[in-house]
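Structural overview
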Amino acid sequence: GFFQSYAVEVDIKDASNATCLYADWMMRFLITYESNNGDYKTATLNLSSSVTHNGSVCGNDTQAALVAVQFGEGHSWSINITKNNETYQGDIITLTYNTNDTAVFPDAKRKGPVTVLMKDPLHPVQLNTVFVCHNSYFIEAENITQIFWNVTVQAFVQNGTVSKKESRCPADTPTSAPTVPPTIANVTTPSITTLSPAPTTPPKPVENPDTGNYSLKSGNKTCFLATVGLQLNVSQDKPLLININPKTTIADGACGNTTATLKLNDRNSTLIGF
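Quick caveat: nothing in here was measured; it's all calculated off a predicted structure.

**With respect to the pattern of salt bridges**
Taken as a whole and judged by the stated rule, the model has seven salt bridges. In this structure, the salt-bridge partner of aspartate 107 is lysine 41, at a minimum N-O distance of 2.8 Å. In this pair, aspartate 107 sits in the loop between strand E7 (87–98) and strand E8 (113–119) while lysine 41 sits in strand E3 (residues 40–46), placing the two residues 66 residues apart along the sequence. Relative accessible area serves as the criterion here: at 29%, lysine 41 is assigned to the partly exposed category. In this structure, glutamate 166 engages arginine 168 in a salt bridge whose closest nitrogen and oxygen atoms are separated by 3.3 Å.

Next comes the structure, spelled out in structure tokens:
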């Protein structure tokens, strides 16, 4: 499914009212939890339209910077950012979700706030450089999948101005060489001087998706097995067909007494739950 999520913008000022930390990003969370009847379900927790950033701090040479946001019915997320002489880097991410939020966790067995810590896997960024990542990337720990996209972050901002120098994430790096446009040097002149109308090229048919084998285990026993080819047809501004590639897709999830959840993550921007 595709769910509504809101962007967060945090602009922290120092004592002289100059920007010292800037962050603008979107994120959502997939959380597997136990229901009252013993089954495991996966909830989607999105940012709400109203987000606060109480507790965020600039940081300095001896103190880590902190981006902290609060949203929804008692949920919060934060990351502390450390620096050395030349770089800054995200350190510990803390997510606290509140299962008393019945709109997200309608029948959670465990009630109240749950806090999960995880390590930020991204590489250090040079000081006076802004980190940018437009494509989605994922951070997983325990029963949580965090999804981030449209990220712009700079900690320890110098002179109150966000840098124009960018450090891009691996997800934004092209995987193939760009197409070389035709030039006089690489175009061969045909020897035939009489031109005929070019034949009409039929539209290229959409390839069928490859079949993948996905399974979950409960102990030593397989509790969920799916052999399936998957193609998504997304209709927004224009139709978009997405084939799920089994070779790069990771299966995760959980089996309960009467229900099972299978999550397929293609490591790009698509995550499907059954």
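**Remarks on the packing of aromatic side chains**
Across all of its chains, the model carries six aromatic pairs by this definition. With 5.2 Å between their ring centres and 85 degrees between their planes, tyrosine 33 and phenylalanine 105 make a pair best called edge-to-face. Separated by 72 residues along the polypeptide, tyrosine 33 in strand E2 (residues 19–34) and phenylalanine 105 in the loop between E7 and E8 bring together distant segments of the chain. This pair shows no difference in class: tyrosine 33 is buried, exactly as phenylalanine 105 is. With a centroid separation of 5.4 Å and an interplanar angle of 20 degrees, the aromatic rings of tyrosine 137 and phenylalanine 148 are classed as stacked. Here tyrosine 137 is found in strand E11 (residues 137–141), whereas its partner phenylalanine 148 is found in strand E12 (residues 144–155), with eleven residues between them in sequence. A single burial state applies to tyrosine 137 and to phenylalanine 148, both of which are buried. Among the aromatic side chains, those forming a connected cluster through ring pairs are Trp25, Trp77, Tyr137 and Phe148.

**Observations regarding the sheet that holds strand E18 (residues 250–255)**
Ordered by their spatial adjacency, three strands build an open sheet running E18-E19-E20, and the pairing between neighbours is antiparallel. Edge positions in the sheet fall to E18 and strand E20 (271–273), since each of these pairs with one other strand and no more. Averaged over all neighbouring strand pairs, the angle between strand axes comes to 15 degrees, with direction disregarded. Looking at chain direction, E18 and strand E19 (residues 260–265) are connected through six bridges and run antiparallel.

**Observations regarding the state of the cysteines**
As enumerated under the stated definition, the model contains three disulfides in all. Between the sulfur of cysteine 20 and that of cysteine 58 lies a disulfide, 1.8 Å long from S to S. On the sign convention where negative is left-handed, the bridge of cysteine 20 and cysteine 58, at about -65 degrees about the S-S bond, is left-handed. Within this pair, whereas cysteine 20 is found in strand E2, its partner cysteine 58 is found in the loop between strand E4 (51–52) and strand E5 (65–71), the two being separated by 38 residues in sequence. Accessibility assignment for this pair places cysteine 20 and cysteine 58 in one class, buried. Shown here is the disulfide that connects cysteine 223 with cysteine 255, its sulfur atoms set 1.9 Å apart. The disulfide joining cysteine 223 to cysteine 255 has a torsion of about 75 degrees about its S-S bond and is therefore right-handed.

**Brief notes about the confidence of the model for the protein chain**
Looking at the protein chain as a whole, its pLDDT mean stands at 83, while 83% of the residues score no less than 70. Within the protein chain, no element has a lower average pLDDT than strand E16 (residues 231–235), which sits at 77, and none a higher one than strand E9 (residues 125–126), at 96. Segment residues 176–195: pLDDT under 50, and three contacts once partners within four positions in sequence are set aside and those in other chains are kept.

**Here we look at the side chain of serine 56**
Note on placement: serine 56 falls in the loop between E4 and E5. Judged by relative accessible area, serine 56 falls into the buried class, the value being 14%. Reaching out from serine 56, the side chain makes a polar contact with the backbone oxygen of histidine 53 at a distance of 3.2 Å. For serine 56, the side chain forms a polar contact with the main-chain nitrogen of alanine 68, separated by 3.0 Å. Discounting chain neighbours no more than four positions away, the residues touching serine 56 are Val10, Ile12, Leu66, Val67 and Ala68.

**Examining the layout of surface pockets**
Roughly 460 Å³ of volume is contained in the second largest pocket. In terms of lining residues, the second largest pocket is bounded by 19 residues, among which Pro121, Leu122, Tyr137, Phe138 and Pro170 are the most central. Broken down by secondary-structure element, the contributors of at least two residues to the lining of the second largest pocket are strand E10 (130–133), E11 and strand E13 (166–168). Element by element, the count of residues in the lining of the second largest pocket is highest for E11, at four residues. Across the lining of the second largest pocket, the residue classes break down as 13 nonpolar, three polar and three charged. Of the domains in this structure, domain 1 (7–172) and domain 2 (211–273) are the two that each give at least three residues to the lining of the second largest pocket.

Definitions and limits used
- Residues numbered from 1 in each chain as written.
- Predicted model: local features only at pLDDT ≥ 70, side-chain atom pairs only at ≥ 80, totals over all residues.
- Heavy atoms only, no water.
- Salt bridge = Lys/Arg side-chain N within 4 Å of Asp/Glu carboxyl O.
- Helix = DSSP H or I, 4+ residues; strand = E, 2+ residues; numbered from the N terminus.
- Buried < 20%, exposed > 50% of the residue type's maximum accessible area, 1.4 Å probe, protein only.
- Phe/Tyr/Trp six-rings, centres within 6.5 Å; stacked < 30°, edge-to-face > 60°.
- Pairing = 2+ DSSP bridges.
- Axes fitted to C-alpha atoms, helices over the stretch in contact; angles between N-to-C directions.
- Disulfide = S-S within 2.5 Å.
- pLDDT = per-residue confidence, 0-100.
- Contact = heavy atoms within 4.5 Å.
- Polar contact = N/O pair within 3.5 Å; in protein donor to acceptor, adjacent residues only side chain to side chain.
- 1 Å grid on protein atoms, 1.4 Å probe; cavity = no way out; pocket = protein on both sides within 12 Å on 5 of 7 lines; lining within 4 Å.
- Points joined across faces, edges and corners; volume = space filled by probe spheres on them.
- Nonpolar A, V, L, I, M, F, W, Y, C, P; charged D, E, K, R; others polar.
- Domains from an automatic or database assignment.

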